[in-house]
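Residues per chain, in single letters:
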Amino acid sequence: MSRAEAQDDRVGEPAVATPGGPDAARAPSPLWSLGLLRSELLTTFRRWRTLALLAVLAAVPILVGIAVKIETSDGSSLGGGGGGGGGGGAGPAFISQVSNNGLFLVFTALAATLPFFLPMAIGVVAGDAIAGESSAGTLRYLLVAPAGRSRLLLTKYATVIAFCLAATLVVAVSALAVGALLFPVGDLITISGTRITYAEGLGRALLIALVVAASLVGIAALGLFVSTLTGSGIAAMATTVGLLITVQILDQIPQLDALQPYFFSHYWLSFADVMREPVYWDDLVKNLGLQALYAAVFGSAAWARFTTKDITA
């Protein structure tokens, strides 16, 4: 789809008259708002960049599964078992079980992609949300339609959240398929040592995927805020990814342990607690609360910036 076609699809027929005209106070209908969201979703998921990001994410479980299969082809087992505290031991605790049950590849793949690959993809999409329109010269054209800046910004954020969910599910579904193909499946042992059925394991896998997607709403709001600060999509994407890397580094410095619980990435791997029996909710709740706080703060900052800035492109 060409950019011009995307604009026509997104804006449609309505155009606002000059300020103070008879149409100035006409509010867009809910159906028009849904149409704008649909158009944003189609435009985002049709971009080659988005498809490439999803393809890379889908490839990670394939590579991990093949590596584990090769490593255990002689009958040996992977080291690194054990529960560990909180979510910090999620990777080793899960990967040591992959050869015994392919469902653990879902948990391993999410643990492998969450620290960098997943948030980087979100940062790229969120950073480009507003700044990409500005650099392409289409932002003013979008605002001609009766959306309003607040409604357009909310639609952009909803689109980024949809990408968070889609990206997480791509990793989970790819890992589920590869795990079932390369390894045995059946009842599984939680990292607490109790046995649960495969059906219950699938339910927990879905819950973990939803928790991981929710863990990304903070970086999504941060990226959207950065996107409102510049007219360059590349600069916004690079800044968002740069902030992601910086926070990840700071989260590993022992001298900053007093600040680390406030970093958006600090509780990301707490999703491993879903695979305990009973489920440990403390860090999970802290993670979701922290993401909601980041979404509220940086979402409000993005709204304040976008609704007051001069649109010149």
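Residues numbered from 1 in each chain as written. Predicted model: local features only at pLDDT ≥ 70, side-chain atom pairs only at ≥ 80, totals over all residues. Heavy atoms only, no water.

### A word on the nonpolar core
Counting 78 residues, the largest nonpolar core has Phe107, Phe271 and Met275 as its most contacted members. The biggest single contributor to this core is helix H8 (residues 149-182), with 11 residues. Once you skip the residues sitting within four places of it in the chain, phenylalanine 271 turns out to touch Phe94, Phe107, Leu110, Ala111, Leu114, Ile208, Val211, Val212 and Leu284. (Core = buried A, V, L, I, M, F, W, Y, C linked by side-chain atoms within 4.5 Å. Buried < 20%, exposed > 50% of the residue type's maximum accessible area, 1.4 Å probe, protein only. Helix = DSSP H or I, 4+ residues; strand = E, 2+ residues; numbered from the N terminus. Contact = heavy atoms within 4.5 Å.)

### Thoughts on the packing of helix H10 (residues 217-229) against helix H11 (residues 233-250)
In the contact formed by H10 and H11, the axes pass within 9 Å of each other and the chain directions differ by 140 degrees. When the interaxial angle is binned, H10 and H11 end up oblique. Relative to H11, the crossing made by H10 is right-handed. Where H10 abuts H11, its residues Ile219, Leu222, Gly223, Val226 and Ser227 lie against Ala236, Thr239, Thr240, Leu243 and Leu244. Its residues assigned to classes, the contact of H10 with H11 shows 6 nonpolar, 4 polar and no charged. (Axes fitted to C-alpha atoms, helices over the stretch in contact; angles between N-to-C directions. Parallel < 35°, antiparallel > 145°, perpendicular 65-115°, else oblique. Left-handed = near helix turned anticlockwise from the far one by under 90°. Nonpolar A, V, L, I, M, F, W, Y, C, P; charged D, E, K, R; others polar.)

### Notes on the packing of aromatic side chains
Enumeration according to the criterion identifies 7 aromatic pairs in this entry. With centroids separated by 5.9 Å and ring planes inclined at 70 degrees, the aromatic side chains of phenylalanine 116 and phenylalanine 117 adopt a geometry described as edge-to-face. Residue phenylalanine 116 is classed as partly exposed on the basis of its relative accessible area, which comes to 33%. Classification of phenylalanine 117 by relative accessible area gives partly exposed; the value is 34%. Taking the centre distance of 5.7 Å and the plane angle of 50 degrees together, the rings of phenylalanine 264 and tryptophan 268 count as tilted. For the pair phenylalanine 264 and tryptophan 268, a shared accessibility class is recorded, and that class is buried. (Phe/Tyr/Trp six-rings, centres within 6.5 Å; stacked < 30°, edge-to-face > 60°.)

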